[in-house]
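Report on the structure
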Amino acid sequence: MSERRRNGLPAYQKIQRAIRQRIEAKQLKPGDAVSSERELARIHNVSLMTARHALATLEREGIVERRPGAGTFVAPPRIQFNKLMSYTEQMASRGLTPSSKVISAKIVEDEQEIAARLGLGAASRMVKIERVRLTTDEPFAMETCYLPAPEFSELINAPLARGSLFSLLERDYGIELAYADEEVDATVAEGRVAQLLNLRAGAPVLRIRQVIYSSKNQPVIYVVGVYRSERHTLFIRRLR
């Protein structure tokens, strides 16, 4: 029996595409069970080996995760440290539809520590954008971005609910983002952050602070991201 579609697409890719489409359509969410190898083989009329290969490839890509004795489940989104990516790019690479809720966008000043991280004077004016980052319509992170106001004041009116800040900077401002220096630590959600992320006060969260630089080695964005610890997996590849 041939396990190729009429258009030449290998059967294992047909299975993968079907699973990705269900994730993108929010029929499957992180933590949901995926059909077993035997079920997939029966549904798609392929061999058990083909179904196993489809799931193994999705697992290597971080789309699903296998739990011995329990089955295969949709994996939580990964935060990858080996590549600078926007939240929109991260989610899109997982086949998920990202969105954001803009909490505030305004000009601030007298935030000396943050100004210093951007190489600005202590009393410098900055754009401050607060967004709740969503995946499958559920809160994933609270993200606050700071940028120098003289260059980026128009961003307070930018349509950032569904758009990417990275893409906007590259497209409208001609800025090529190159790398980021990051600090990662564990903390707890309190007050307003806990409320916006639908967490109890004191729940554990991961905090990532980034200074993002342009290709001209100029600091452009300072970002503080607070991530729900049960909604993601950190993925770090270390090269020797």
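The structure under discussion appears in the preceding block.
A brief structural summary. Residue numbering note: each chain is counted from 1, following its sequence as written. The predicted origin of the model limits local features to residues at a pLDDT of at least 70 and limits the giving and counting of side-chain atom pairs to 80 or more, whereas totals for whole chains, interfaces and linings rest on all residues. Values shown for side chains rest on all heavy atoms present in the structure; no hydrogens or waters enter the calculation.

1. Brief notes about the overall build of the chain
Along the backbone of the chain there are eight helices and eleven strands. For the chain, the proportion of its 240 residues judged to be buried stands at 44%. Of all intrachain contacts in the chain linking residues separated by at least 6 positions in sequence, the fraction that spans at least 24 positions is 57%. Residue burial considers only the protein chains on display, and all accessible areas are found by Shrake-Rupley using a 1.4 Å probe. Roughly 13,000 Å² of accessible area belongs to the chain as shown, and the carbon and sulfur atoms make up 46% of that amount. To qualify as a helix, a DSSP run of H or I must reach at least 4 residues; to qualify as a strand, a run of E must reach at least 2; elements of each kind are numbered from the N terminus. Summary of the burial criterion: residues with accessible area below 20% of their type's maximum are buried, those above 50% are exposed, and those between are partly exposed, where the area comes from a 1.4 Å probe applied to protein chains only. Residue contacts follow a heavy-atom distance rule, with two residues in contact if any of their heavy atoms lie within 4.5 Å.

2. Some words on the sheet that holds strand β6 (residues 126-135)
Strands are treated as partners if at least two bridges between them are detected by DSSP. Across the sheet, which stays open at both edges, the six strands sit in the order β5-β6-β7-β10-β9-β8 with antiparallel pairing between neighbours. Strands at the two margins of the open sheet, each flanked by one partner only, are β5 (98-108) and β8 (177-188). Averaged over all neighbouring strand pairs, the angle between strand axes comes to 15°, with direction disregarded. Two strands pair when backbone bridges link them, and strand β7 (residues 138-148) and strand β10 (residues 219-228) are joined in this way by six bridges, in the antiparallel orientation. Looking across to β10, one finds that E143 is bridged to G225. Every axis corresponds to a line fitted to the C-alpha atoms, with the helix fit spanning only the stretch in contact, and the corresponding angles, defined between N-to-C directions, vary from 0 to 180 degrees. Together, β6, β7, β8, β9 (204-214) and β10 form the strand contacts of helix α7 (residues 165-172), whose direction differs from that of β10 by roughly 165°.

3. Some details on the sheet that holds strand β3 (residues 71-74)
Strand order in the open sheet made by the three strands is β1-β3-β2, with antiparallel pairing throughout. Since the sheet does not close on itself, it has two edges, and those belong to β1 (33-34) and β2 (64-67), each with one partner. Contacting β1, β2 and β3, helix α3 (residues 48-60) crosses the sheet at an angle of about 110° to β2.

4. Notes on the environment of C145
Residue placement: C145 occurs in strand β7. Overall, the relative accessible area of 3% leaves C145 in the buried class. Distance from C145 to I129, taken between C-alpha atoms, is 5.2 Å for residues 16 residues apart in sequence. Excluding its chain neighbours within four sequence positions, the residues that come into contact with C145 are V127, K128, I129, R131, L165, I221, Y222 and V223.

5. Description of the nonpolar core
The biggest cluster of nonpolar side chains holds 19 residues, and the ones touching the most others in it are L147, F152, L155, L169, V220 and I221. Elements that contribute at least two residues to this core include exactly β6, β7, α6 (149-152), α7 and β10. No other element matches the four residues that α7 contributes to this core. Excluding anything up to four places from it in sequence, V220 contacts L118, Y146, L147, P148, F152, L169, I175, L177, I212, Y213 and S214. Buried residues of nine kinds, namely Ala, Val, Leu, Ile, Met, Phe, Trp, Tyr and Cys, make up a nonpolar core once their side-chain atoms join them within 4.5 Å. By size, the runner-up hydrophobic cluster in this structure holds 16 residues, among which are A11, I19, A54 and I63.

6. Quick notes on α7
By the burial criterion, the buried members of α7 are L165, F166, L168 and L169. For α7, the angular spread of the buried residues around the axis is 165°, confining them to a single face. As used in this structure description, the phrase polar contact means that two N or O atoms lie within 3.5 Å; if the pair is within protein, one of them must be able to donate a hydrogen and the other to accept it, and residues adjacent in sequence are counted only when both atoms belong to side chains. Capping the start of α7, S164 holds a side-chain oxygen 3.3 Å from the backbone nitrogen of F166, two or three residues further along. This arc describes the spread of directions from the helix axis toward the C-beta atoms.

7. Some thoughts on the pattern of salt bridges
Within this document, salt bridges are pairs made up of a side-chain nitrogen of Lys or Arg and a carboxyl oxygen of Asp or Glu, the two lying within 4 Å of each other. Taken as a whole and judged by the stated rule, the model has 14 salt bridges. We note a salt bridge from K29 to E138, for which the minimum N-O separation is 3.9 Å. Taken as a pair, K29 in the loop between α1 (11-24) and β1 and E138 in strand β7 lie far apart in primary sequence, 109 residues in all. Across the pair R117 and E113 runs a salt bridge whose closest N-O atoms are separated by 3.5 Å. Of the two residues, R117 and E113 are both situated in helix α5 (residues 112-117); the distance of four residues between them amounts to about one turn of the helix. Taking relative accessible area as the criterion, E113 reaches 54% and is therefore assigned exposed. What emerges from the salt-bridge pattern is a single network uniting E113, R117, E183, D185, R207 and R209.

Interpretation note: all reported values are geometric properties and have no functional meaning in isolation.
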